[in-house]
Every structure is written in structure tokens, then in C-alpha cells.
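Summary of structural features
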Amino acid sequence: MGLTMNKKNIIWIVTDSVRTYRSGYDDRDRLDVMDKIATEGVEFSNAFTSAPSSILAASTMFTGLPACYISRHYNDFSFDDNEIDSLRNLLKGFGYHAYSIFDAKACRCALHSMAGALPSKYFPPKVTHDEWWPNKEITNILKHLFDNQYVKSPSIFLLWYNCRHDPNTSYEIERAINIFKENGVYDDSILVMCSDHGYPDPKSGLTAETMKKYSHDMIITDDNIRVPLLIKYPGCPKGKKVENVVRTSDIYFTLLDILDVSVPNRNKMNYNCEYRGKSLLEYLNGNKVEPRIARTDTRLRLAFGRVTSLRSDTFKYVYYCDEHKEGLYDMVNDPSEMINLIDSDKLIHKEEIEKFRKMLNDMDQSINHYHLDQLKLNLQKEIRKRYTSDAVGQVKRILIHTSILTPASVLLYLIESLQNHFKNASIDFIGDPENKVKYQDGIFDNIYTIEQSDDLKTMDKGVLENKYDITIYFTENSRYLFIDPNVVSMLKKVNSSRIYMMDYNFSIYSNLFSKWITPFIRLYKRNRQFYKGEPLLFFKELYSTIKAGIKLHFLKHKEQTFDTEQIKIMRDKNVAVFDGKNPWISDRSEDKEKRDAFNLDYINKLGKAKE
């Protein structure tokens, strides 16, 4: 990689869960500071997140790739920098120093390998990694860095704020900007200001209270997936607004463009993927720009309950992956997404539907191909550990069990991979009766059912008459999912030479090991950099892991599931009975007086504290 570039400092400010507009009803509204930055730089008013979930959204912003490429399942989220570049890791090769200050411990852990997390040695007194950091603390940490002359240039600053329950969020961000100005690190820097995702409009009925029952990351309407995006850099147009649809994956390549980074083929997915982001600067040079399509996924590829949307400048296509249902919405004439045009007879709608279906299929094939290659390698390693070449040829019959929640795509991956290795084997399936309908298209040689009666589960007698070489209990391996001991006991009754538990990464694991050891190993890997500065954190994590295990495996707390399409229906009913105004593009400011009063009170308190 050449080292010639325009080494500007980067200030990237993300505020969790902020919408693009003001509803005047809750704390997720557009921030006042965004209005000020809009006059200094460029605002992209139709920017869409790759996922309405903080970790997944961040993974896209920091790599320029749709989240579905980066990891396969949220509960074992990982980032492989051998396969994918991140902005922090790429710029490190140019001598950049990263100062990443995340509000939530979960973000500091999950995103450390991708974006870095501020080391404990830079923390102010009494600040610990084990805490959630309020907005005031984030700004104070930034001030501490400058006051103690820890900052080295060129730098990339990543500040992650949260608008929840803090009417002074905008003020704290302005205070951070003033700190940069006071230290001469603003005027000549690149500033990105955005949110990771929006939040359901209060008029939808999907409020913070109702979201305790559901989950905002399952909502695919524009209020939840459109994000504020403002970019300021030396020489940029001031006060310009771009209304075309853009993606948060575009930010990565825009920054490289501004920095004039020439990235040769590093054989990494960011630069080889057809569906990666693209620089936004082409919207500013006056040339004609090819329209972009924004893809958003509520879940990663191998997770249950995934909903995918494809958003153009005029239409949105929605696909409920597990329910196999579709939606098409005219975003010009129906911005509230109330009228599903999927069954419309109009030619224009039929053409849009076919265009979106083809695009989704092409994208999914690209994603599937990328992950399937890795999964095949994983399975190959597991088989080679346990079988010689001769033994592989002697496997004649395989039985697979999985739950109704297992995505069909991941099960099809497994079948294809097993058939590739055990070429002489037939593959049977045993599961809930619903699975018999789900997989009746001949992908299995035989399908058997498990019947539920009260607390008892009984197997189809036909499966007991067979002799299997391998039985696989195929299930997610995470701290969030309860492994049914009744199923384990039943599978032990099957006449099978070997019984394996296999996760969605095609890794074989021990039931006991996965319950008690794997969760701690996962936490240890994510937190070990902080143990030196906070020795007690190790024991806290050990305690929390044991406590979670007791809840999961003895008290049998299970993962929450729900019908994603039903959430949309509930939301539509609430919107329909509101005042008839367009809920997504109004910019109410009735609460501005109240917010100004909050800010003034906060500033007064801050001044008294300094005295």
C-alpha cells in the first residue's frame, strides 16, 4: 500500500437511535447540533442503515460492507481482519492513532477488533470499562485525552453517544466539538455525524415501553432505518443537501476518497464485493450518478426472524424471510408505508417487484457463496478430526435434528456440505411437525416428527427402526438459547454410532462445554485487554457467566421469538388512527422551548460544578 495520502484527522460522532426528524414526542428526535453542522457541510437526508442494530450497523459503517457479509449470526458475532478491512485497521498502516469512546460496554467488547476501544490507561479517575458511560462522561473522557496530551496525530476519533433519557445530548456533542476547536483539531479535520439507526415513531405505538416486549431491531419502516448523515471536510460545499438514497456503507469509501487513499487490491472483501459501498463525493461534483439501492437486514444471514428491505429513491421492497411474505411500498405517495402494493396489477408495480426480486436473489447468492465457502472449510476441519478417508466412505446414513427456529438457509448449507463429504450417505430429518411441511420438497430422504404432549416429547417410531452412522443435533451455540434436554435424551435412544452437537458455524461442540465454558471464553476474549487495569472485572465476568448459565439451564429462560409481520400490522393500525399527518417527514418543534430550558439548566449546573 502506498503511503501517499491527505492525512486529515477524522472526527466521527455517532448518536445511538436518533431519527432524521423531530416528532416532538420522545427523546429520539433529530438533535439541534445537527442543524448547525448542516450549515457547515453536506447533509444526506435519505441515508439508510444496513441494520437497525448498533453492533451490526457499526460493522457496516466501519467496513463499507453490508452487515450480512461480516458475520453469520449476532450471538457469535466476530470480525476477521484477514478477510475484511476496517477503517481503523486500514488507517493504522498510514500511521493513524485511534481514540474510540463507546458508551456501552457491549460495543467496546464486540467492536474492539474492528474499531478499537480506548485502553484503560487513558481513562480518567474512577472511570471503568465495566460501566455504561453517559454522554457527559464520553465528553469528559475526550477532554481528559487532550488535557493530558495523550492525543497523537494523525488521529481518528470515534465518539458514540446515546440520546436515550438525556435531553442534553446535543449540548454534550457541542461541548465535544468545542474541545476539538480549542485544541486546533476541528477546522482542518473531516467530521462525520450520524446515527446507527433511527427509532419507531411514537405514533406507531412501538414506543420504548412496547419495545420491551418486542425489539426495535425487527422494525424495517423508514423511521427506524433512515439515519441522519452529515459530512464536513475542508473545501466541502456548505449547506448542501443531497436527497438521493445513500447507504451507511458509503461512509467508509467517502472517507478514503477525501483522504485520497489509493487502495490496491488487498484481496479483501471490502474491495472485491459488488455490493460494497461507494464514495458519496460523486453526488457533489455535478455529474450524473447511478441511483443506489439501500439494503437493510434486521438479522444476520443465519438468524431466525430476518426481514430484508431494499430501498430505492421511489419504492421499498420488503421480504419477510421466514414467513416468505413480501411487501412493496410507494415511498413518494405513501411514505408511512401503509399500502402494500405486492398484489397490484399496475405494470409499473409489477416491474418494480420483479426488479427487486432479482436484485435480492443476486445479493443473497453473493452473500451465500461467501459464507458457504467458509462453512465448508469449517465442516471439512471437523470431519478430518474424526474420520479417515476410508471411514468417510463408510458413512451410509445421517440423521439431523433442528428446531423450527433454524433458518432454512443454514440447514440447506449443512445438507449441501454433508453431501459433498459423505457422497454415499442418505440424510434423514427429525423435528417438529411444522418442519415436515417446511422441508417437504425432497431435500431429505425421510422426514420424521417429534410430537409434543404436555411436557413429554415422543419420536416417530419409524426413526427407531433405522441404523445411523451419524446423528447431528444442529442448533445455535450461544448463551441465549436453551438446548432442550428432552431432545438430547431422545436422540440418545436413536440407534446411531455417533451423536454430535453442531452449531451454525458447522463446529462440533460439547453440550456441557457450551453451557459453562464457551460463554466465559467469549467474554474473556472480548474483555482481556481491560483485566490488567481492572482485575476485579475478571471475577465480575465469571459471576455474571455463572448467573446467566443458571437462568438459562436451570430456570429455563428461553430466547424471545415473535412474528415480524405481526409487528408491522400492529404498527399500521396505530398509524392509521393518528391525525392523518405524514408521520415521517414532519419536523415538529413544539418541544424546542422545553429542550432549550433543559440545556440552559444543564449549562448552569455545569458552571456551578466547576466553581
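Residues numbered from 1 in each chain as written. Predicted model: local features only at pLDDT ≥ 70, side-chain atom pairs only at ≥ 80, totals over all residues. Heavy atoms only, no water.

1. A few points about the overall build of the protein
- Broken down by element type, the protein carries 22 helices and 19 strands.
- Residues classed as buried in the protein amount to 57% of the 611 residues present.
- For the protein, the share of sequence-separated contacts (at least 6 apart) that also reach a separation of at least 24 residues comes to 73%.
- Approximately 27,400 Å² of the protein is accessible, and the part contributed by carbon and sulfur atoms is 50%. (Helix = DSSP H or I, 4+ residues; strand = E, 2+ residues; numbered from the N terminus. Buried < 20%, exposed > 50% of the residue type's maximum accessible area, 1.4 Å probe, protein only. Contact = heavy atoms within 4.5 Å. Areas by Shrake-Rupley, 256 points an atom, 1.4 Å probe, with all protein chains shown as cover.)

2. Comments concerning the environment of Leu280
- Mapping Leu280 onto the fold places it in the loop between helix H11 (269-272) and strand E9 (294-297).
- Classification of Leu280 as buried rests on a relative accessible area of 0%.
- Sequence separation of Leu280 and Ile251 is 29 residues, and the distance between their C-alpha atoms is 7.4 Å.
- Apart from the residues within four sequence positions on either side, Leu280 is in contact with Phe44, Leu229, Ile231, Val246, Asp250, Thr254 and Arg292.

3. So, the confidence of the model for the protein
- Mean pLDDT for the protein: 85, with 83% of residues reaching 70 or above.
- When the criterion is pLDDT under 50, residues 579-592 qualifies, and its contacts beyond four places in sequence or with other chains add up to 28 contacts. (pLDDT = per-residue confidence, 0-100.)

4. Considerations on the nonpolar core
- Core analysis: the largest hydrophobic core is formed by 76 residues, its most contacted members being Trp12, Phe62 and Leu229.
- At seven residues, the largest contribution of residues to this core is made by helix H12 (residues 347-386).
- Those residues within four positions of Phe62 in sequence are excluded, and the remaining contacts are Trp12, Asp85, Ser86, Leu87, Phe102, Leu111, Met114, Ala115, Leu158, Trp160 and Tyr252.
- Membership of the second largest hydrophobic core comes to 38 residues, among which are Ile11, Leu31, Met34 and Phe123. (Core = buried A, V, L, I, M, F, W, Y, C linked by side-chain atoms within 4.5 Å.)

5. Considerations on the packing of aromatic side chains
- The full count for this structure, using the stated rule, is 20 aromatic pairs.
- Aromatic side chains Tyr317 and Phe356 sit 5.8 Å apart centroid to centroid with 10° between the ring planes, which places their arrangement in the stacked category. Of the two residues, Tyr317 is situated in strand E11 (residues 315-320) and Phe356 in helix H12; the sequence distance between them amounts to 39 residues.
- Of the residues examined, Phe356 reaches a relative accessible area of 0% and is grouped as buried.
- Consider the rings of Phe429 and Phe444, whose centres lie 5.0 Å apart with planes at 35°: the pair is tilted. (Phe/Tyr/Trp six-rings, centres within 6.5 Å; stacked < 30°, edge-to-face > 60°.)

6. Overview of the packing of H12 against helix H14 (residues 408-421)
- It is the contact of H12 with H14, at a shortest axis distance of 10 Å, that shows an interaxial angle of 50°. As the angle between them shows, H12 and H14 are arranged oblique. As for the relative orientation of H12 and H14, their crossing is right-handed in sense. Together, Asn368, Leu372, Leu375, Lys376, Leu379, Gln380 and Ile383 of H12 and Tyr413, Glu416, Ser417, Leu418 and His421 of H14 make up the contact between the two elements.
- Looking at the contact of H12 with H14 residue by residue, the classes come out as six nonpolar, four polar and two charged. (Axes fitted to C-alpha atoms, helices over the stretch in contact; angles between N-to-C directions. Parallel < 35°, antiparallel > 145°, perpendicular 65-115°, else oblique. Left-handed = near helix turned anticlockwise from the far one by under 90°. Nonpolar A, V, L, I, M, F, W, Y, C, P; charged D, E, K, R; others polar.)

7. A short note on H14
- Over its 14 residues, H14 runs 20 Å from end to end, which matches the ideal 20 Å to within 8%, given 1.5 Å per residue.
- Burial in H14 covers these residues: Ser409, Val410, Leu411, Tyr413, Leu414, Ile415, Ser417, Leu418 and His421.
- Buried residues in H14 make contact with H12, helix H13 (389-393), strand E13 (397-401), strand E14 (426-431), strand E17 (468-474) and strand E18 (496-502). (Expected span 1.5 Å × (residues − 1).)

8. A short note on a nonpolar patch on the surface
- A grouping of Leu536, Phe539, Leu542, Ile546 and Ile550 is seen on the molecular surface, where their side chains present a nonpolar patch of about 480 Å² in accessible area.
- With respect to the helices and strands, Ile550 occurs in helix H20 (residues 535-553).
- With relative accessibility at 38%, the residue Ile550 sits in the partly exposed group. (Patch = residues over 30% accessible without salt bridge, like charges linked within 9 Å, V, L, I, M, F, W, Y side chains within 5 Å. Salt bridge = Lys/Arg side-chain N within 4 Å of Asp/Glu carboxyl O.)

9. Things to note about the environment of Thr298
- Mapped onto the secondary structure, Thr298 falls in the loop between E9 and strand E10 (307-311).
- Sequence separation between Thr298 and His216 is 82 residues; the distance between their C-alpha atoms is 9.2 Å.
- Apart from the residues lying within four places of it in its own chain, the contact partners of Thr298 are Pro52, Asp217, Met218, Ile219, Ile220, Gly305, Arg306 and Val307.
- A polar atom in the side chain of Thr298 sits 2.8 Å from the backbone nitrogen of Val307. (Polar contact = N/O pair within 3.5 Å; in protein donor to acceptor, adjacent residues only side chain to side chain.)

10. Quick notes on the sheet that holds E10
- The four strands lie next to each other as E9-E10-E11-E12, forming an open sheet whose pairing is antiparallel. Looking along the sheet, the strands with just one partner apiece sit at the ends: E9 and strand E12 (325-330). Ignoring strand direction, the axes of neighbouring strands in this sheet form an average angle of 15°.
- Note that E9 and E10 share four bridges and pair antiparallel. Within E10, the position partnered with Ala294 by the bridge is Arg311. (Pairing = 2+ DSSP bridges.)

11. Some points on unusual backbone geometry
- For the peptide bond that leads from Ser153 to Pro154, omega is -5°, which places it in the cis range.
- By the secondary structure assignment, Pro154 is in the loop between helix H7 (135-147) and strand E4 (155-162).
- We note that His165 has phi near 60°; this positive angle belongs to a residue other than glycine.
- The topology assignment puts His165 in the loop between E4 and helix H8 (169-182).
- Judged by its relative accessible area of 70%, His165 falls in the exposed class.

12. A short note on the side chain of His421
- Its place among the elements puts His421 in helix H14.
- Judged by its relative accessible area of 18%, His421 falls in the buried class.
- The residues contacting His421, other than those within four sequence positions of it, are Lys376, Leu379, Gln380, Ile383 and Val392.

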